Amino acid sequence: MATGLPTPKRGVMDIEAYVPGESTVPGNIKPIKLSSNENPLGPSPAAVAAFKACADQLERYPDGSASALRQAIARVHGLNPDRIVCGAGSDELLNLIAHAYLEPGDETIFTEHGFLVYRIATLACGGVPVVAPEKNLRTDVDAILARVTPKTKIVFIANPNNPTGTYIPFDEVRRLRQGLPENVLLVLDAAYSEYVRRNDYEAGIELVATTNNTIMTRTFSKIHGLAALRLGWAYCPANVADALNRIRGPFNVSAPAIAAGVAALEDLEHVEKSVTHNERWLEWVTAELEKLGLVVTPSVANFVLVHFPKEGDRTADAANAFLQSRGVIVRKMGSYGLPNALRITIGTEPENKAVIDTLSAFMNGDQR
Ligand SMILES: *Cc1c(COP(=O)(O)O)cnc(C)c1O
């Protein structure tokens, strides 16, 4: 008979738990939080009102099929509601996909600086993460294709990627799909797709509609400003939606999240305002950082990856400490294999000005 403490299954203890962006600074100052790519304008007021209106019905279970939300998503994006699966954030959907399709020992492929959740979801299922190098901090389709083996089950790519902010044009995504075996699921994580203003970009709807092995995931945490509610959705082939619906929790999306999500989707004006704000300030923040002599990876999302000198007193760690001591929180990138970079979310106008002023003081030698 086996003895000793209960042991997690293989893979679990290899996981380095996800460390979210920080949200507090020492002392009593209200921090400027630019560490989690949240919408600086907040959610649509209609979404907040819909959320509040749920307060007097908390004893009721939500609609387990999230029907109103799937209908709203289908309406706004022109999709088949039967193929939409909703989740408690896209994080839950990414994990559900891994749980539904990975046997122990199966491989998943994602890119060098890809979103950390892909690794965690893979290991949690006893899968083997395979990392494809990037080229100039961009997804490299050939590097992914070169790593496919008979054990490959899932390829995860974020397009645009977090934390690099780069994207690949849709003909590259199509080439990836065409080069992958039919039994390999391609997961297109389009968490930042609403922000992209490029003619050669697509989130992936058409590819999902025309293949039976491609999934697109989306979130309400970014452009819709509802990160606190945990809400995401996946557009899936019918066979995949069927599998995910069998293993998801029967009430995995809460009633306030459903209500707020519907209202947020319908407030196209708020979405547009958020995109316009981002377009303007992404350009400004990038230009100002470059004026300070820093290298910025060109971003199409709502954050920038900024590179600091490896040595001397202007390192990313020193910059991070300097910012923190002045109440500005950004994201350290060591866990993404980018120890000389910081990721900065585009904020409100005063927040953007504050982060630039503070970094300017840092680069110009003010010591604390
Ligand atoms: C923020 C983010 C998500 C969204 O996660 P949620 O669980 O929906 O909050 C998904 N993928 C990437 C790459 C992200 O950066």
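Residue numbers run consecutively from 1 along every chain, following the written order of its sequence. Per-residue local features of the predicted model are confined to residues with pLDDT of at least 70, and side-chain atom pairs are confined, for both listing and counting, to 80 or more; whole-chain, interface and lining totals are unaffected and use all residues. Remark: hydrogens and water are excluded; side-chain values derive from all non-hydrogen atoms of the structure.

S.K.: In this structure, what is going on with the side chain of H270? I would like to understand it.
M.R.: What counts as a helix is a DSSP run of H or I of at least four residues, what counts as a strand is a run of E of at least two, and both are numbered from the N terminus. The topology assignment puts H270 in helix α10 (residues 268-291). Discounting chain neighbours no more than four positions away, the residues touching H270 are N39, L41, G42, P43, S44 and P45. When checking whether two residues touch, look at their non-hydrogen atoms; a contact exists if any pair is within 4.5 Å.

S.K.: What am I meant to see in the domain arrangement of the chain here?
M.R.: Frequently, the measure chosen for interface size is the accessible area that the parts lose on association. The split of the chain into domains comes from an automatic or database domain assignment. Here the domain parsing of the chain yields domain 1 (19-42 + 269-363) and domain 2 (45-266). A straight line from the C-alpha centre of domain 1 to that of domain 2 covers 26 Å. The partner domain 2 presents 26 residues to the 26 residues of domain 1 that form the contact. Accessible area that two parts lose when put together, with a 1.4 Å probe and added across both, is what the buried area reports. Together, the buried faces of domain 1 and domain 2 total about 2100 Å²; carbon and sulfur atoms form 65% of this surface. Ranking the residues of domain 1 by area buried against domain 2 places V275, V300 and Y336 at the top, with a combined share of 32%. We define a salt bridge as a contact between a side-chain nitrogen of Lys or Arg and a carboxyl oxygen of Asp or Glu at a distance within 4 Å. The interface formed by domain 1 and domain 2 contains zero salt bridges. Polar contact is the term for a pair of N or O atoms within 3.5 Å; when the atoms are in protein, one must be able to donate a hydrogen and the other to accept it, and sequence-neighboring residues count only if both atoms are side-chain atoms. There are six residue pairs in polar contact (both at pLDDT 80 or more) connecting domain 1 and domain 2. At the level of elements, α10 and β10 (303-307) are the ones that each hand at least two residues to the side of domain 1 that touches domain 2. The biggest single contributor to the side of domain 1 that touches domain 2 is α10, with seven residues. Taken together, the residues of the side of domain 1 that touches domain 2 break down into ten nonpolar, 13 polar and three charged. Each residue receives one of three labels: charged for Asp, Glu, Lys and Arg, nonpolar for Ala, Val, Leu, Ile, Met, Phe, Trp, Tyr, Cys and Pro, and polar for the others, Gly being one of them.

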